[in-house]
Amino acid sequence: MNPLLSLIIPTKNRYEYLQIVLEILATIKDVDLEIVIQDNSDESESRQVFLVSVSKLNDSRIKYFYCNEILSINENSDKAVLNSKGKFVCFIGDDDCVTTNIYDAAAWMERESVDVLTFFCPSYIWSDVEYKHLSKKHTGLLSFKRPTAKVIEKDPKKSLLRLLNDGGRNISEMPQLYHGIASRTVLDKIFEKTGSYFPGSVPDMDVAVGLSLYAGKCLKIDVPMVIAGTAKRSAGGLGAAKMHKGDVKKISMLPKDTAATWNPNIPFFWSGPTIHADSISKCLTRTGNQDLLDKFNYNYLYALLFIFHSDYNQETCRVLKLNNKTSKLHIIYYGSGLFLNRAFSFINNRLPEFLQIKNDMVKIRISNIKEVVNYLDGIMEVMTLPWNVNNR
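Definitions and limits used
Residue indices begin from 1 for each chain and proceed along its sequence in written order. Local features in this predicted model are restricted to residues whose pLDDT is 70 or higher, and side-chain atom pairs enter the listing and the counts only when it is 80 or higher, whereas totals over whole chains, interfaces and linings include all residues. Just so you know, side-chain values use all the structure's heavy atoms and leave hydrogens and water out. Among the buried residues, those of types Ala, Val, Leu, Ile, Met, Phe, Trp, Tyr and Cys that are joined through side-chain atoms within 4.5 Å form a nonpolar core. The cut-offs for exposure are 20% and 50% of the maximum accessible area for each residue type, with area from a 1.4 Å probe on protein chains only; residues under the lower value are buried, those over the upper are exposed, and the others partly exposed. The contact criterion used throughout is that any non-hydrogen atoms of two residues lie within 4.5 Å. Only protein atoms enter the 1 Å grid, on which a cavity is a set of points fitting a 1.4 Å probe that cannot get out and a pocket is an open set with protein on both sides within 12 Å along at least 5 of 7 lines, lining residues being those with an atom within 4 Å of a point. Grid points are joined across faces, edges and corners, and a volume is the space filled by probe spheres set on the points. The way it works is that DSSP assigns letters per residue, a run of H or I at least four long becomes a helix, a run of E at least two long becomes a strand, and they are numbered from the N terminus. Throughout this entry, Asp, Glu, Lys and Arg are counted as charged residues, while Ala, Val, Leu, Ile, Met, Phe, Trp, Tyr, Cys and Pro are counted as nonpolar. The remaining residues, Gly among them, count as polar. Comment: axis = line fitted to C-alpha atoms, over the contacting stretch for helices; angle = value between 0 and 180 degrees taken between N-to-C directions. By definition in this entry, angles of less than 35 degrees are roughly parallel, angles greater than 145 are roughly antiparallel, angles of 65 to 115 are roughly perpendicular, and the rest are oblique. Strand pairing follows a simple DSSP-based rule, namely that at least 2 bridges must link the two strands.

K.L.:
Tell me about the nonpolar core, residues and numbers included.
P.N.:
If you look at the biggest cluster of nonpolar residues, it comprises 56 residues, and the most contacted ones within it are Leu 5, Leu 7, Leu 25, Ile 35, Ile 102, Ile 181 and Val 223. If sequence neighbours within four positions are ignored, Ile 102 has contacts with Leu 5, Leu 7, Ile 28, Ile 181, Met 225 and Val 226. Listed in part, the 36 residues of the second largest apolar core include Ala 208, Val 209, Val 248 and Leu 304.

Given below as structure tokens:
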């Protein structure tokens, strides 16, 4: 009999984080779930040490799959979903984690016929992260909005249109498998159409776009159930060190055809905004929804790149001149807003702490991610959660 929930973790050469995360997941008591590890690491002594540590957990719910072929992150993620069996799937990274009542949320989804459930994810910065411009005090920091347990229904089609209007910037309002829970039935519709669950450039955006096209009932709940971790050797860790950018052709984790099929209206360099924009372009095209690309706001994307990736302004200007759908006035307008918002965010993030003013954000130093899970479990234990109410 297949489990209700699959927690999938595609991974490559980061056993130091994965081992800790697995030790936490093994403490979840529910038996009707599986933990799928899809490992594309190099063959090494570290892998053998890791396998010994997994065997010591003696947990039959842990399913380990290894492939030593050279895979893109999308291919490895596809294998993770294909090797999972759950009616619902939750995708986390090897430096992320979940609270121990994740199964309750999936069971509630089944009862309420929910296709996708997303959360207001807290962020946790592992102690090994090095910031280029910030002090060491940001490491070991857990940050999250004070939870209310409020449930919000999301229209996936409207969420996609907002994403396009924002130049692909805000994935947080999209239906998500990465840091969310999605029905396998909906995921399979993406696969049937494109031959992949992740038919673009990067898994998080790929599947978010796919889910927005095929999902029905989508909910977002204000609880800190999935922890978005940032470790030194993760994409977030590279971003903290200002290393999360570069030549698209040299990024080995990307699909092999990424450069050859790159959208010419997107500046050709690897960064968060550009790879997400290209991912949206590919997903819409490969699902037969390329007409929606007419709604993509390139003006906003270019403004974003000018403000946050000014070292690539020459490339952004080159592409801008070739795109006849752009408006310099709109770019200036969006750029001014982004600049002011960046300044306001800088002040808002630091002034309350400096003046000891309370706001909706909780920021607390915690030494390790195991203690983070314990802390968040304690918060949710005293909250009135929808799955607990329905079970009374």
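K.L.:
Describe empty space enclosed by the protein, with residues and values.
P.N.:
If you walk through the whole model with that rule in mind, you get one cavity of 30 Å³ or more. Estimates place the volume of the largest cavity at around 40 Å³. Taken together, Val 116, Thr 118, Lys 154, Ser 172, Glu 173, Met 174, Pro 175, Cys 218, Leu 219 and Lys 220 form the lining of the largest cavity. Listing elements by their share of the lining of the largest cavity, those giving two or more residues are strand S6 (116-119) and strand S11 (218-221). For the lining of the largest cavity, the class distribution of residues is five nonpolar, two polar and three charged.

K.L.:
Explain the packing of helix H6 (residues 184-194) against helix H7 (residues 203-214) to me, and be specific about the residues and the numbers.
P.N.:
Relative to each other, H6 and H7 sit at 105 degrees, their axes nearing to 9 Å. Between H6 and H7, the crossing angle belongs to the class labelled roughly perpendicular. Note on element contacts: H7 touches H6 through Val 207, Gly 210, Leu 211 and Tyr 214, opposite Val 186, Leu 187, Lys 189, Ile 190 and Lys 193. Partitioned by chemical class, the residues of the contact of H6 with H7 number six nonpolar, one polar and two charged.

K.L.:
Just give me the short version of the layout of surface pockets, but keep the residues and values in it.
P.N.:
Considering only enclosed or pocket space, the second largest pocket measures out at about 210 Å³ in volume. Secondary structure elements with two or more residues in the lining of the second largest pocket: helix H13 (369-381) and helix H14 (386-390). Examining the composition of the lining of the second largest pocket, we find that three residues originate from one element, H13, more than from any other. When its residues are assigned to classes, the lining of the second largest pocket shows four nonpolar, four polar and five charged.

K.L.:
Could you give an account of the side chain of Ser 72, naming the residues involved and the relevant values?
P.N.:
Residue placement: Ser 72 occurs in the loop between strand S3 (62-66) and helix H3 (73-82). Judged by its relative accessible area of 5%, Ser 72 is buried. When near neighbours in sequence (up to four residues on either side) are disregarded, Ser 72 contacts Met 253, Leu 254 and Pro 255.

K.L.:
If you had to explain the sheet that holds strand S5 (residues 97-98) to someone new, which residues and values would you point to?
P.N.:
Overall, mixed pairing links the five strands, which are arranged S5-S12-S7-S8-S13 in an open sheet. At either margin of the open sheet sits one strand with a lone partner, and together these are S5 and strand S13 (361-365). Here two bridges tie S5 to strand S12 (residues 226-230), and the two strands are oriented antiparallel to one another. Residue pairing across strands places Cys 97 opposite Ile 227, the latter belonging to S12. Sitting on the sheet, H13 is in contact with S5, strand S7 (123-125), strand S8 (141-145), S12 and S13, with an inclination near 25 degrees to S8.

K.L.:
Lay out the pairing of strand S1 (residues 5-11) in plain terms, naming residues and giving numbers.
P.N.:
Here is the key point about a regular strand: its side chains alternate between the two faces of the sheet. Extensive coverage of S1 is indicated by the burial of seven of its seven residues. The two faces of S1 match: Leu 5, Leu 7, Ile 9 and Thr 11 on one face and Ser 6, Ile 8 and Pro 10 on the other face are all buried. As paired strands, S1 and strand S2 (residues 33-39) are joined by seven bridges and run parallel to one another. Paired with Ile 8 across the two strands is Val 36, which belongs to S2. In terms of strand pairing, S1 meets strand S4 (residues 88-91) through four bridges, oriented parallel. Opposite Ile 8, over in S4, you have Phe 91 as the bridge partner.

K.L.:
Please give an account of unusual backbone geometry that cites residues and values.
P.N.:
Backbone geometry at Asn 58 places phi at a positive 50 degrees, although glycine is not the residue there. Residue placement: Asn 58 occurs in the loop between helix H2 (45-57) and S3. Residue Asn 58 is classed as exposed on the basis of its relative accessible area, which comes to 70%. One non-glycine residue, Ser 113, lies in positive phi territory at about 55 degrees. When you line up the elements, Ser 113 lands in the loop between helix H4 (102-112) and S6.

K.L.:
With reference to specific residues and values, describe the packing of helix H1 (residues 15-25) against H2.
P.N.:
It is the contact of H1 with H2, at a shortest axis distance of 11 Å, that shows an interaxial angle of 5 degrees. Taken together, the axis directions place H1 and H2 in an arrangement best described as roughly parallel. Only Ser 46, Arg 47, Phe 50, Ser 53, Val 54 and Leu 57 of H2 make contact with H1, whose side of the interface consists of Tyr 15, Leu 18, Gln 19, Leu 22 and Glu 23. For the contact of H1 with H2, the residue count by class is six nonpolar, three polar and two charged.

K.L.:
Go over the pairing of S12 with me, naming the residues and quoting the values.
P.N.:
Among the five residues of S12, five are classified as buried, and the element is accordingly described as predominantly covered. In S12, alternate side chains face the same way, and those of Val 226, Ala 228 and Thr 230 on one face and Ile 227 and Gly 229 on the other are all buried. In this sheet, S12 lies alongside S7 in parallel orientation, the contact comprising three bridges. Bridge pairing links Ile 125 to Thr 230 in S12.

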